[in-house]
Amino acid sequence: MQRRFRGDGPMEKQPSVRMIAELAHVSVATVSRVINGQKGVDEATRALVWKTIREVGYEVVRHPDVLSGVLVFAPHANFLDNTYWRLVVSGILHEASLLSIPVLFSSAMTQTEARAEISSMMSREGVPGVIFVGFPIGASVSEWVPRHLDVAWVSVLMDAPGHVVNADTRRAYYEATRRLIDLGHRRIAMTTNGVAYLAPYQRVEGYVAACEDAGVEPFVARIAPPVKAGDWLRGVLASPDPPTAVVGGTSGLSKHLFAEMINMK
């Protein structure tokens, strides 16, 4: 663990653990336990120590292996009806279990709610790790983190400065589309709910790139909500030049399209 001073103005004395202990009227050992997220400190004392840390501008920079827990924010993700998001959750839970780190999924839908939840968790348990999942392209998720607290955070499946762990779904859809083309299909349609998020954006990119590389005209249809997939499918199949293959851009769309195809037989 490293510590560094971050003051907003001049101070006569650089903050230290001993200074925090004196101001909070607790022992140095208590301050250390609070900083490291250890047990044995009551709620009121823990909150007081963190309040003192913030007031004097003492910044705690912790190594991820001493995180007290992981808080996951995914306000735009549908974990109930989407295989993609369920795989993301499985990966997070698996990696956290290997490190014996508890994972909490937040219900926060706004920046204010997220900042309050992070601050609350920090005052009770110590410094949390935060994972942001599936925000719109260009979103500034750093605004969801309290700037006066030390929080280790990463973002997943987003495309913006500072974001990491961007899964490459472009390649997967490129290869799937090329396989359809290799099988003889020349009229391939793709359905999507939109391209505001990185994953569906990459999928459309992969599909279009495969079509263009093979000299096939791409045909992307936006369907929202997924339950409208059946109406779209019946309409497009009744057109003078219907597609011979359809690529589903999401789990929901694929499920509805497959069900409609079965019913049409």
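Now for a look at the structure at hand. These numbers come from a predicted model, not from an experiment.

## A closer look at the overall build of the protein
Helices and strands together make up the secondary structure of the protein, namely nine helices and nine strands. Of the contacts made within the protein by residues no fewer than 6 positions apart, 67% connect residues no fewer than 24 positions apart. Accessible area for the protein stands at about 14,300 Å²; split by element, carbon and sulfur atoms hold 54% of it.

## Describing the environment of Leu 71
You can see Leu 71 is positioned in strand β3 (residues 70–73). Expressed as a C-alpha distance, the spacing of Leu 71 and Val 103, which sit 32 residues apart in the sequence, is 6.0 Å. If we ignore the near neighbours within four places in the chain, the residues touching Leu 71 are Leu 104, Ser 106, Glu 117, Ile 118, Met 121, Gly 129, Val 130 and Ile 131.

## Concerning the sheet that holds β3
A sheet is described by the order of its strands in space; here four strands give the open sequence β4-β3-β5-β6, paired in parallel fashion. Of all the strands in the sheet, the pair left with one neighbour each is β4 (103–105) and β6 (152–156). The sheet shows a mean angle of 20° between the axes of neighbouring strands, direction not considered. As defined by bridge partners, strand β5 (residues 129–133) adjoins β6 across five bridges and the pair is classed as parallel. Note on β6: the bridge partner recorded for Val 130 is Trp 153.

## Observations concerning the nonpolar core
One finds Val 72, Trp 85, Ile 92, Ile 131, Val 133 and Leu 157 to be the most contacted residues of the largest nonpolar core, which totals 16 residues. Residue assignment for this core shows that the elements contributing at least two residues are β3, α4 (83–98) and β5.

## Some details on the side chain of Ser 106
Mapped onto the elements of the fold, Ser 106 is located in the loop between β4 and α5 (111–125). Judged by its relative accessible area of 14%, Ser 106 is buried. Of note is the side chain of Ser 106, whose polar atom sits 2.9 Å from the backbone nitrogen of Ala 108. Reaching out from Ser 106, the side chain makes a polar contact with the side chain of Glu 117 at a distance of 2.8 Å. Leaving out residues up to four positions away in the same chain, Ser 106 has contacts with Leu 71, Val 72, Phe 73 and Glu 117.

## Notes on helix α1 (residues 17–24)
Here α1 has its buried residues at Val 17, Met 19, Ile 20, Ala 21 and Ala 24. With its phi angle positive at about 60°, His 25 sits one or two positions after the end of α1.

## Brief notes about the pattern of salt bridges
For the coordinates displayed, the defined rule picks out six salt bridges. Overlapping salt bridges, with partners in common, bring together Asp 231, Arg 234 and Glu 260 in one network.

## A few points about the layout of surface pockets
When its volume is computed, the second largest pocket comes out at roughly 420 Å³. Surrounding the second largest pocket, 20 residues form its lining, His 76, Asn 82, Trp 85, Asn 193 and Thr 250 being those nearest its centre. Listing elements by their share of the lining of the second largest pocket, those giving two or more residues are α4, α7 (198–213) and α9 (251–264). Of the residues forming the lining of the second largest pocket, the biggest block, three residues, is contributed by α7. Counted by class, the lining of the second largest pocket contains nine nonpolar, nine polar and two charged residues.

Analysis parameters
- Residues numbered from 1 in each chain as written.
- Predicted model: local features only at pLDDT ≥ 70, side-chain atom pairs only at ≥ 80, totals over all residues.
- Heavy atoms only, no water.
- Helix = DSSP H or I, 4+ residues; strand = E, 2+ residues; numbered from the N terminus.
- Contact = heavy atoms within 4.5 Å.
- Areas by Shrake-Rupley, 256 points an atom, 1.4 Å probe, with all protein chains shown as cover.
- Pairing = 2+ DSSP bridges.
- Axes fitted to C-alpha atoms, helices over the stretch in contact; angles between N-to-C directions.
- Core = buried A, V, L, I, M, F, W, Y, C linked by side-chain atoms within 4.5 Å.
- Buried < 20%, exposed > 50% of the residue type's maximum accessible area, 1.4 Å probe, protein only.
- Polar contact = N/O pair within 3.5 Å; in protein donor to acceptor, adjacent residues only side chain to side chain.
- Salt bridge = Lys/Arg side-chain N within 4 Å of Asp/Glu carboxyl O.
- 1 Å grid on protein atoms, 1.4 Å probe; cavity = no way out; pocket = protein on both sides within 12 Å on 5 of 7 lines; lining within 4 Å.
- Points joined across faces, edges and corners; volume = space filled by probe spheres on them.
- Nonpolar A, V, L, I, M, F, W, Y, C, P; charged D, E, K, R; others polar.

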